[in-house]
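So the chains spell out like this:
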Number of protein chains: 2
Amino acid sequence: MASVSFHLAFYTLCLINTKGKKNKQKLNCVKINGTKSFSPSKVDLLSQNSGLALTSVDSEANVYIPKEQYRQNIPTKKQLVDPFRQGIIIEEGVGYRQTVVIRSYEVGPDKTATIESILNLLQETALNHVWMSGLLGDGFGATHGMMRNNLIWVVSRMQVQVDHYPIWGEVMEIDTWVGASGKNGMRRDWLLRSQAAGIIFARATSTWVMMNQQTRRLSKMPDEVRSELSPWFIEKQAIKEESPEKIEKLDDKAHYVNSDLKPKRSDLDMNQHVNNVKYVRWMLEAIPDEFLENHQLSNIILEYRRECGSSDVVQSLCEPRQIELINAGIQQNNYNCLNGYSFSSGILEGNGLLGSLNQGPFSYTHLLQIKGDSRNEEIVRGKTAWKKKLIAAPFAP
Amino acid sequence: MASVSFHLAFYTLCLINTKGKKNKQKLNCVKINGTKSFSPSKVDLLSQNSGLALTSVDSEANVYIPKEQYRQNIPTKKQLVDPFRQGIIIEEGVGYRQTVVIRSYEVGPDKTATIESILNLLQETALNHVWMSGLLGDGFGATHGMMRNNLIWVVSRMQVQVDHYPIWGEVMEIDTWVGASGKNGMRRDWLLRSQAAGIIFARATSTWVMMNQQTRRLSKMPDEVRSELSPWFIEKQAIKEESPEKIEKLDDKAHYVNSDLKPKRSDLDMNQHVNNVKYVRWMLEAIPDEFLENHQLSNIILEYRRECGSSDVVQSLCEPRQIELINAGIQQNNYNCLNGYSFSSGILEGNGLLGSLNQGPFSYTHLLQIKGDSRNEEIVRGKTAWKKKLIAAPFAP
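Residues numbered from 1 in each chain as written. Chains lettered and ligands numbered in written order. Predicted model: local features only at pLDDT ≥ 70, side-chain atom pairs only at ≥ 80, totals over all residues. Heavy atoms only, no water.

Participant: What exactly am I supposed to notice about the overall build of chain A here?
Facilitator: When its secondary structure is counted, chain A shows 10 helices and 17 strands. With 397 residues in all, chain A has 57% of them scored as buried. Put simply, of all contacts in chain A between residues at least 6 apart along the chain, 69% involve residues at least 24 apart. Split by element, the accessible area of chain A, about 16900 Å² in all, is 50% carbon and sulfur. (Helix = DSSP H or I, 4+ residues; strand = E, 2+ residues; numbered from the N terminus. Buried < 20%, exposed > 50% of the residue type's maximum accessible area, 1.4 Å probe, protein only. Contact = heavy atoms within 4.5 Å. Areas by Shrake-Rupley, 256 points an atom, 1.4 Å probe, with all protein chains shown as cover.)

Participant: Got a minute to help me understand the UniProt feature "domain: Acyl-ACP thioesterase N-terminal hotdog" (unreviewed entry) in chain A in this structure?
Facilitator: The residues that UniProt annotates with the feature "domain: Acyl-ACP thioesterase N-terminal hotdog" (unreviewed entry) are residues 95–228 of chain A. Within residues 95–228 of chain A, the helical portion is 22% and the strand portion 41%, while the C-alpha atoms at the span's ends are 15 Å from each other. (UniProt positions renumbered as here; feature names shortened; annotations may be inferred.)

Participant: I would appreciate a short explanation of the packing of helix H4 (residues 115–133) of chain A against helix H7 (residues 276–285) of chain A in the present structure.
Facilitator: Two quantities define a packed helix pair, namely the angle between the helix axes and the distance between the axes. Residues and elements named next belong to chain A. Put simply, H4 and H7 touch, their axes get as near as 10 Å, and they point 160° apart. With respect to H7, the element H4 is oriented roughly antiparallel. The interaxial crossing formed by H4 with H7 has right-handed handedness. Here H4 contributes Ile115, Glu116, Leu119 and Asn120 to the contact with H7, which in turn contributes Val277, Val280, Arg281 and Leu284. Considered class by class, the residues forming the contact of H4 with H7 number 5 nonpolar, 1 polar and 2 charged. (Axes fitted to C-alpha atoms, helices over the stretch in contact; angles between N-to-C directions. Parallel < 35°, antiparallel > 145°, perpendicular 65-115°, else oblique. Left-handed = near helix turned anticlockwise from the far one by under 90°. Nonpolar A, V, L, I, M, F, W, Y, C, P; charged D, E, K, R; others polar.)

Participant: When you look at the packing of aromatic side chains in this model, what are you seeing that I'm missing?
Facilitator: Geometrically, a pair of aromatic rings is defined through the distance of the ring centres and the angle of the planes. Taken as a whole, this structure holds 8 aromatic pairs over all chains when the rule is applied. Ring centres of A:Phe140 and B:Trp168 lie 6.2 Å apart, and the angle between their planes is 65°; on these two criteria the pair is classed as edge-to-face. Linking A:Phe140 in the loop between H4 and helix H5 (144–148) with B:Trp168 in the loop between strand S6 (151–162) and strand S7 (171–181), this pair reaches from one chain into another. On the basis of relative accessibility, which here comes to 8%, the residue B:Trp168 falls in the buried class. Their ring planes at 80° and their centres at 5.5 Å tell us that B:Phe291 and B:Trp386 sit as a pair that is edge-to-face. Remark: B:Trp386 occurs in strand S17 (residues 377–388) and B:Phe291 occurs in helix H8 (residues 289–294); sequence separation between them is 95 residues. Taking relative accessible area as the criterion, B:Phe291 reaches 8% and is therefore assigned buried. Residue class for B:Trp386 comes out buried when judged on its relative accessible area of 6%. Connected via pairs of aromatic rings, a cluster forms that spans A:Phe291, A:Tyr364 and A:Trp386. (Phe/Tyr/Trp six-rings, centres within 6.5 Å; stacked < 30°, edge-to-face > 60°.)

Participant: Hey, could you run me through H7(A) in this one?
Facilitator: Structural remark: α-helix, 3.6 residues per turn; residues separated by three or four positions point the same way. All names here are of chain A. With 7 of 10 residues buried, H7 is to be regarded as a mostly interior element. The set of residues buried in H7 consists of Val277, Lys278, Tyr279, Val280, Trp282, Met283 and Leu284. For H7, the N-terminal cap is Asn275; the gap from its side-chain oxygen to the backbone nitrogen of Val277 is 2.9 Å. (Polar contact = N/O pair within 3.5 Å; in protein donor to acceptor, adjacent residues only side chain to side chain.)

Participant: Before we go on, may I ask you to explain the pairing of strand S13 (residues 314–321) of chain B in this structure?
Facilitator: Walk down a regular strand and you will see the side chains alternate between the two sheet faces. Residue and element names in this part refer to chain B. Taken across its 8 residues, S13 has 6 buried, putting it largely inside the fold. Sheet analysis places strand S11 (residues 256–261) next to S13, joined by 4 bridges and oriented antiparallel. Note that in S13 the partner of Asn258 across the bridge is Ser316. Both S13 and strand S16 (residues 363–370) contribute to a ladder of 8 bridges, which runs antiparallel. (Pairing = 2+ DSSP bridges.)

Participant: Hey, could you run me through the pairing of strand S4 (residues 87–90) of chain B in this one?
Facilitator: Residue and element names in this part refer to chain B. Here S4 shows no split at all, with Gly87 and Ile89 on one side and Ile88 and Ile90 on the other all buried. Direction of pairing for strand S3 (residues 81–82) relative to S4: antiparallel, over a ladder of 2 bridges. When the bridges of S4 are listed, Asp82 appears paired with Gly87. Counting the residues between successive antiparallel strands, the hairpin from S3 to S4 contains 4 residues, one of them, Gln86, with a positive phi of roughly 55°. Between the antiparallel neighbours S4 and strand S5 (residues 95–101) lie 4 residues, among them Glu91 with a positive phi of about 55°.

Participant: Quick question: what am I supposed to make of the nonpolar core here?
Facilitator: One recurring pattern in soluble globular proteins is that nonpolar side chains are buried together. B:Ile115, B:Leu122, B:Val160, B:Leu229, B:Tyr279 and B:Trp386 are the most contacted members of the largest nonpolar core, which totals 78 residues. Here this core gets 9 residues from one element, more than from any other, and that element is helix H4 (residues 115–133) of chain B. The residues touching B:Tyr279, leaving out its near neighbours within four places in the chain, are B:Val274, B:Tyr304, B:Arg306, B:Glu307, B:Cys308, B:Leu368, B:Ile379 and B:Val380. The next biggest cluster of nonpolar side chains, apart from the first, holds 77 residues, and it includes A:Trp153, A:Ile199, A:Ala202 and A:Cys318. (Core = buried A, V, L, I, M, F, W, Y, C linked by side-chain atoms within 4.5 Å.)

Participant: Would you mind showing me how to read the pattern of salt bridges here?
Facilitator: Between side chains of opposite charge, pairing is possible as soon as their charged atoms come close. Tallied over the full model, the rule gives 40 salt bridges over all chains. A:Asp175 is paired through a salt bridge with A:Arg97; the nearest N and O atoms lie 2.7 Å apart. You can see A:Asp175 sitting in strand S7 (residues 171–181) and its partner A:Arg97 sitting in strand S5 (residues 95–101), a full 78 residues away along the chain. Residues A:Asp175 and A:Arg97 agree in their burial class; the two are buried. Residue B:Glu91 pairs with B:Lys236 through a salt bridge whose shortest N-O separation is 2.4 Å. Of this pair, B:Glu91 sits in the loop between S4 and S5 while B:Lys236 sits in the loop between helix H6 (223–229) and S11, and the two are 145 residues apart along the sequence. Overall, B:Glu91 belongs to the partly exposed group, its relative accessible area being 23%. In this structure B:Lys236 comes out as partly exposed when scored by relative accessible area, which is 34%. One continuous salt-bridge network, built from bridges that share partners, spans A:Arg97, A:Glu173, A:Asp175 and A:Arg193. (Salt bridge = Lys/Arg side-chain N within 4 Å of Asp/Glu carboxyl O.)

Participant: Which parts of the structure should I look at to understand the layout of surface pockets?
Facilitator: A probe as big as a water molecule, rolled over the atoms, marks out the empty space that is left. Empty space within the largest pocket amounts to approximately 1400 Å³. What lines the largest pocket is a set of 50 residues, and nearest its centre among them are A:Asp267, A:Lys278, A:Arg281, B:Asp267 and B:Arg281. Residue assignment for the lining of the largest pocket shows that the elements contributing at least two residues are H4, strand S11 (256–261) and H7 of chain A together with H4, S11 and helix H7 (276–285) of chain B. Here the lining of the largest pocket is built from residues that sort into 13 nonpolar, 16 polar and 21 charged. (1 Å grid on protein atoms, 1.4 Å probe; cavity = no way out; pocket = protein on both sides within 12 Å on 5 of 7 lines; lining within 4 Å. Points joined across faces, edges and corners; volume = space filled by probe spheres on them.)

Written out as structure tokens, the structure reads:
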């Protein structure tokens, strides 16, 4: 009887929510095809009165909490629209677009989105793309076939290129799609477009491989997983890479070294590992504050080597690059090289050449490693390229 | 001519987006009444061809970026629906409800939203409520009248009570509204409801006063600001507080002390101050990890004393409370006190009394202070109450 009364209460709530309030959005009580939805239609509610849909009573508050699957509502079939996440399927049925508004806590002191927020949104839209595909099992983006084979996704390389940073309140459209990468890998790309500006602000690409969750060894892509994924693959690339160069390995002679970095509980993600965004924060924190205040990241490349667990102690090494430029997409002739320092043409034109002197290098090489007793173990190598912040620039309010 | 071609390009983009794709959500090209919208209607676009709507050319990428106001699109009149943020006006025209889906990076290792994520969402919905009101000037939630009087909001007290933590992918409705607090203050409350469960998961209340941005002194509420705000005030309270007790001040004899906490650039918000969420993280990091792994925060009270700037060095003090209980809303007779330790009835029933022994205290007192040469300065006092995590509990997956 208790479960019946809860069902009725929930049904009543939905009725109240959908009538009598003119301004009410039609966001409640949405039934999505193929989901194991805790849907509020009368038929569904009555059919669920067997009790299957509900968990046991929460003893303290004396209320019923639906099972995790009804609260997460992961679809078992492909969806074309997700009204809650404002997501739609694009690219002839295989790509995903989500509309997001940059939130107040996603921006830094200059009111523009931080690179960490952008990385978070890339992860979020990737997972929501898998959500829409109907392939999402439990876990962090693994498909049903991957779960049957005990496989998880591991990112091996990532590049993010930011031309303009979105500002607080800006409406952004994030497109993402996947493609083949070699025989056993997958490429995932993104485009971030400002709706008001109508142009692309940032591009990103990444490559992923599969790892056995128990043995922690890389795995070939099983046929059953390939048949799940390959219908979603397209050729389009967000960033054209002619020949991705390797990032050199730094050693203890690096110019800047932050040691004794210890992951905190709040740095761990659902996989119990240190989240990628924390890696980037550790990398950037090795760069002097004076540089960070006057420059904005325009390009970052990450090469992942191994996982970092909660008990590891991490060291962040960083070396300024004085000549080399990694800002993909900008032609070499847009740069001048003087006294070993590099300047973008925008800086030379905007602030004058003299004003740009003594502003230091615009590119860094990075390494995060785990300090071991006998030897250190690499977690991730990185390269960052930077632009001078233009004071009073329209897109850096 | 360049600006004309951009307008046409943007107009074309909207046309493409709104026709010919059956699954396309009507999210693009929305015109909101009273906004200084960079709206894509043909008339608007042509009228903007005077160039007023556009900023200068971005010299590097050779593209046009609309001015900040067109990208933020802050309304100058009251709005009833915000399709981008999924927000609506409720409570007979004065409250605000936003539907959000808990994102992958907002949850911790146990797949439930972190308290930091919940605090971020409270801040976000509060600002979006002001956005909808048509009162938002520039800055962090200040009204037009406040800006004319050079006033900013300062939070003096905050309480958050969490009965259940939302999980990854859960659809939440967050309601927020404001009321009077004394003669010169404002109360802001929130309710967080799980759409699938149909019940309230968390409640929060806060009190705010105004400060002169230059003198940093508290200010009375000017009449012109009162006339802006008071039409929005209602009496309803999310948490009934009979007599809010004062939090005692800890001293250097506190059981746990974390010293030398230094704000990083990424900890600063739009006001160039350390964000409230960082305060809470510093407080909670003083609690031993073993305790945090097995308990979840059920109630937190914060009393703010002064601001913390980017150059301050902070100390986090923390003292376990063995008898006192602050879990508002739960009656005293739901608790037993044994050997100086407190247990909730849920724990006594769920895990058995013996299983609960040696699990330590369920309440802490906190203090964040700035270490000074002659004396320390309080930033914020806090109290937290905790529940034992129930392993295999339906709402703690």
